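A structural walkthrough
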Amino acid sequence: MAASRRLVLVTGAASGIGRALAMAAAAEGEDLLLLDKDGPELERLSNALSQYDSDVTCCELDITDRAQVEAAMRPIKRLDVAYLNAGIFAGGNMLGEHGQIDTLDPDVWHRVIDVNLHGFFNTLQVSTSIMKSAGTGSIVVTASTSGMRAEPLASYPYVASKAAVIALVRQAALELAGFGVRINAFAPGPVRTNISGSNGMDPTKQATWDNTIPIGRFAEPDELVPLARLLAAPESSYITGSIMVADGGAGSLTQVPASALPSADIGSRFR
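Going along each chain's sequence as written, the residues are numbered from 1 onward. Selection of residues for local features in this predicted model requires a pLDDT of at least 70, selection of side-chain atom pairs for listing and counting requires 80 or more, and totals for whole chains, interfaces and linings are taken over all residues. Hydrogens and waters are ignored; side-chain quantities use all the structure's heavy atoms.

1. A few points about the overall build of the chain
The test is simple: What counts as a helix is a DSSP run of H or I of at least four residues, what counts as a strand is a run of E of at least two, and both are numbered from the N terminus. Only protein chains enter the calculation, and the probe is 1.4 Å; a residue is then buried if its accessible area is under 20% of its type maximum, exposed if over 50%, and partly exposed in between. Note on contacts: a residue pair qualifies if any of its non-hydrogen atoms lie within 4.5 Å across the two residues. Method for areas: the Shrake-Rupley scheme with a 1.4 Å probe, in which residue coverage is limited to the protein chains shown.
Scanning the chain from N- to C-terminus turns up 8 helices and 7 strands. Over its C-alpha atoms, taken along the principal directions, the chain stretches across nearly 65 × 40 × 35 Å. Counting only residues that meet the buried cut, the chain has 46% of its 271 residues in that class. Sequence separation of 24 or more characterises 76% of the internal contacts of the chain that already satisfy a separation of 6 or more. Accessible surface, the chain as shown: approximately 12,800 Å² in total, 53% of it carbon and sulfur.

2. Description of the nonpolar core
Defined as follows: What is meant by a nonpolar core is a set of buried Ala, Val, Leu, Ile, Met, Phe, Trp, Tyr and Cys residues, joined one to another through side-chain atoms within 4.5 Å.
With 35 residues, the main nonpolar core has Met73, Leu79, Ile139, Val141 and Ile183 as its most contacted residues. If you list the elements that add at least two residues to this core, you get β1 (7-11), β2 (31-36), α3 (66-73), β4 (81-84), α4 (106-134), β5 (137-142), α5 (156-176) and β6 (181-188). Non-local contacts of Ile183, meaning those with residues more than four positions away in its chain, are made with Leu124, Ile139, Val141, Val169, Ala172, Ala173, Leu176, Thr240, Gly241 and Ser242. If you look at the next biggest cluster of nonpolar residues, it comprises 29 residues, including Ala24, Ala26, Val140 and Leu224.

3. So, the sheet that holds β2
What counts is decided by this rule: Two strands form a pair only when DSSP identifies at least two bridges running between them. Axes here mean lines fitted to C-alpha atoms, for a helix over just the part in contact, with angles spanning 0 to 180 degrees between N-to-C directions.
The 7 strands lie next to each other as β3-β2-β1-β4-β5-β6-β7, forming an open sheet whose pairing is parallel. Taken across any chain shown, the strands that pair with only one partner, and hence form the sheet edges, are β3 (56-60) and β7 (243-246). Going across the sheet, the axis of each strand differs from the next one's by a mean of 15°, ignoring polarity. Judged from the 3 bridges that link them, β1 and β4 form a sheet pairing that is parallel.

4. Let's talk about the pattern of salt bridges
Put simply, the rule is: Each reported salt bridge corresponds to a side-chain nitrogen of Lys or Arg within 4 Å of a carboxyl oxygen of Asp or Glu.
By the definition in use, this model includes 14 salt bridges. Residue Arg5 is joined to Asp53 by a salt bridge in which the shortest nitrogen-to-oxygen separation is 3.2 Å. Linking Arg5 in the segment before β1 with Asp53 in the loop between α2 (39-49) and β3, this pair joins segments that are 48 residues apart in sequence. Look at Asp53 and you get exposed, because its relative accessible area is 60%.

Here's what the structure looks like:
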């Protein structure tokens, strides 16, 4: 890694927002440490990055495995930016047969919480340890609007995990400010990535989602890069503990009318 250039970590780097962040960082001549569970896609990304003057280290690993995270990151003595982006969107929503609170598969719950919360914590803890020792650094977390409000179209474990992530960002900001380290998050609405399933979404489901967004469409990953890059930049030196929303206006709307919610004659129960 070139000592004079920023070293940037990206988790969940092989696709979607993570890939877009990695490409943008490399285009700016920053050195990269890329983590992802998908080895073949990570290799394809590495090949795509070869056009840039950027030193790239790729690590195929599972962020839920603490030992793997430490092995990849502990040798680093300085980390300028950490884009903690990895996450999954598994599980049906409450409008479906298997997504309601009493029918949700516990294995799905544990898998989403394990990746989105425990895996996030692993990368957050190791990143902060490196940055606190150096007295500098910026952490930018991919959160979600699902962690900021009730979203019937999102699954219970996804909503719970992202709400916890947002709480950790705000809490950690209080501690890290005194060590010269900033931490912020950006909260996308629906994004056209593998995590959203939008690439293979059936037309009816796609229309349901699109109708929840005033702009009328999913975001493309590249559209979120400028916000994430701003939060990581020296120009945002006075910003920490913030959650920046990029949702096409979706937060100003309810996702579904009350009549669409699961009900066992709800009106009679609340008279």
